[in-house]
Amino acid sequence: MADLFGNSQDEVAPRDRSSSQRSTAKTPTEAKPEPPRPLADRLRPATLAEVVGQDHLTGEGGVLTRMLATGSLGSMIFWGPPGTGKTTIARLLAGHGDYAFEQISAIFSGVADLKRVFEAARHRRSNGRPTLLFVDEIHRFNRTQQDSFLPVMEDGTVVLVGATTENPSFELNAALLSRARVLTFRSLSSEAIESLLERAEAIEERLLPLTGEARAVLLRLCDGDGRAALSLAEEVWRAAGPNETFGANGLQEIVQRRAPVYDKSRDGHYNLISALHKSVRGSDPDAALYWLCRMLDAGEDPLYLGRRLVRMASEDIGLADPNALAITLAAKDAYDYLGSPEGELALAQACIYLASAPKSNAAYVAYKAGMRAAKAHGSLLPPRHILNAPTQLMKSEGYGSGYRYDHDEPDAFSGQNYFPDEMEREAYYHPTPYGAEARIGERLERLSRLRRERTSDAEE
């Protein structure tokens, strides 16, 4: 007679004769169960067709789809935010082409690890099997370490797939970029995240205990990150009691709100400050306020934002509204005085004022033109008639001779030359017809006409 595992009773009985053997023997029912795998791992796509949110890469006619159709892979850099499928797709590519898949992280790996991986890849290649080397956070390798990939990429020892959340143009060597194609991964849309949640509910065989409003909040909280969405879903299931359903407020209490995707020293920082600056320049106070609040909410230093607003006041508004600079400086001081959160309102007020003000970059353009002229003409001396002459020697040299005091002249304007004698007069500042600068332009035009007339009279 056989037992449930295919052993005859005769085979089992002899083993039962030894009590010591009975106490130490492990039967299949005594084996420890495998720990549960995270939901994100259980839902990892098995084919490229199951990948969501990256149709431009994996869909019909996508870049990777066409590449696989040719039967040959080249080295690539996957650039995109977290949780968008970079690691998963690298694994699928290796499986599709029967590549040996090696994965390392630049955070935990050094030169010795790279040498070991390269040597193993050379050995496989000599036996006819290629290697796909996936390097997570590749931008964290220094320039010398990045250069070490070049020989093994060139001779085909490895097909390199590097993953980075940072702009490759700034973080990776030009030599490495010239040998790899950069593919951009996009944050997952709400529809793609919803598709992931539906798959999770199918595999769990239960619905998420959320109201419609709470489900919409969860979609926003995951910030386009598929892995984060599944982690949040797991948290909800763990927290829910029997027949309990969470609303939006209940969901917020459970997950304690995931921090926005934002690194104050990296791309997220530069992207958002660029959006804020361009919204102010484009006279859209609502968009400008949104980006300001996004940065404050993500933990940006409010004084950094205050400094940037001061710069915008000079660069993009200038003399079209001379009050802009004073208001932004006052806002920066107000924050410095009040601190957070009260002082942030002053920054918001300044942001709205700048976006609503008339725009002019005439002072900014004039400054750059003046700087170019200063570099081009060297160390020319001012004309002698505008130099002070505190000593007799300087007077004898002609310092101050012929200077006309403007306040004593008609229209309080002498029209004298203030450029170096060896240099032709140049025009750098060209007022725009907007805001207060329009009046400045009218006055400067009148003074320019008087200068020509008085210069002509002096020559006669």
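In this text the structure is predicted, and so the values were computed from the model without any measurement.

A. Quick peek at the packing of helix H12 (residues 190–204) against helix H14 (residues 226–239). As a packed pair, H12 and H14 sit with axes 10 Å apart at the nearest point and diverge in direction by 45°. The angle between H12 and H14 falls in the class oblique. Judged by the sense of rotation from one axis to the other, the crossing of H12 with H14 is right-handed. The residues of H14 that touch H12, namely those facing Ile193, Leu196, Leu197, Ala200, Glu201 and Glu204, are Gly226, Ala229, Leu230, Ala233 and Trp237. Partitioning the contact of H12 with H14 into residue classes produces 8 nonpolar, 1 polar and 2 charged.

B. Molecular detail of the side chain of Arg215. If you trace the backbone, Arg215 turns up in helix H13 (residues 212–221). Within the local environment of Arg215, its side chain forms a polar contact with the side chain of Glu201, the two groups lying 2.9 Å apart. In this structure Arg215 touches Glu194, Leu197, Glu198, Glu201, Leu208 and Leu210, once residues within four positions along its chain are discounted.

C. Expanded view of the layout of surface pockets. Considered as a void within the structure, the second largest pocket measures approximately 570 Å³ in volume. Forming the boundary of the second largest pocket are 27 residues, of which Gly83, Thr84, Gly85, Thr88 and Arg227 lie nearest the centre. Elements that contribute at least two residues to the lining of the second largest pocket include exactly helix H6 (86–96), strand S4 (159–164), H12 and H14. Top contributing element to the lining of the second largest pocket by residue count: H6, with 4 residues. Tallied by class, the residues present in the lining of the second largest pocket amount to 10 nonpolar, 9 polar and 8 charged.

D. Expanded view of the packing of aromatic side chains. Across all of its chains, the model carries 6 aromatic pairs by this definition. Centroid distance Tyr290 to Trp291: 4.8 Å. Interplanar angle 70°. Geometry classified as edge-to-face. Taking the centre distance of 6.4 Å and the plane angle of 65° together, the rings of Phe419 and Tyr428 count as edge-to-face. On the basis of relative accessible area, Tyr428 is assigned to the partly exposed category, the value being 21%. One aromatic cluster in this structure is built from Phe118, Phe141 and Phe149.

E. Main features of the sheet that holds strand S3 (residues 131–136). Read from one edge to the other, the open sheet built from 5 strands follows the order S2-S3-S4-S1-S5, with strand pairing classed as parallel. The two strands at the open ends of the sheet, each matched to only one other strand, are strand S2 (100–105) and strand S5 (181–184). Each adjacent strand pair in this sheet contributes to an overall mean axis angle of 20°, direction not counted. Lying over the sheet, H6 contacts strand S1 (76–79), S2, S3 and S4, oriented at roughly 175° with respect to S3.

F. Structural context of the pairing of S1. Strand direction decides the pairing type here: S1 and S4, joined by 4 bridges, are parallel. Note that in S4 the partner of Met76 across the bridge is Val161. Pairing of S1 with S5, which is carried by 4 bridges, proceeds in the parallel orientation. Looking at S5, one finds that Met76 is bridged to Arg181.

G. Fine view of the side chain of His277. When you line up the elements, His277 lands in helix H16 (residues 267–281). Judged by relative accessible area, His277 falls into the buried class, the value being 5%. If sequence neighbours within four positions are ignored, His277 has contacts with Arg308, Arg311, Met312, Glu315 and Asp316.

Conventions used here
Residues numbered from 1 in each chain as written. Predicted model: local features only at pLDDT ≥ 70, side-chain atom pairs only at ≥ 80, totals over all residues. Heavy atoms only, no water. Axes fitted to C-alpha atoms, helices over the stretch in contact; angles between N-to-C directions. Helix = DSSP H or I, 4+ residues; strand = E, 2+ residues; numbered from the N terminus. Parallel < 35°, antiparallel > 145°, perpendicular 65-115°, else oblique. Left-handed = near helix turned anticlockwise from the far one by under 90°. Contact = heavy atoms within 4.5 Å. Nonpolar A, V, L, I, M, F, W, Y, C, P; charged D, E, K, R; others polar. Polar contact = N/O pair within 3.5 Å; in protein donor to acceptor, adjacent residues only side chain to side chain. 1 Å grid on protein atoms, 1.4 Å probe; cavity = no way out; pocket = protein on both sides within 12 Å on 5 of 7 lines; lining within 4 Å. Points joined across faces, edges and corners; volume = space filled by probe spheres on them. Phe/Tyr/Trp six-rings, centres within 6.5 Å; stacked < 30°, edge-to-face > 60°. Buried < 20%, exposed > 50% of the residue type's maximum accessible area, 1.4 Å probe, protein only. Pairing = 2+ DSSP bridges.

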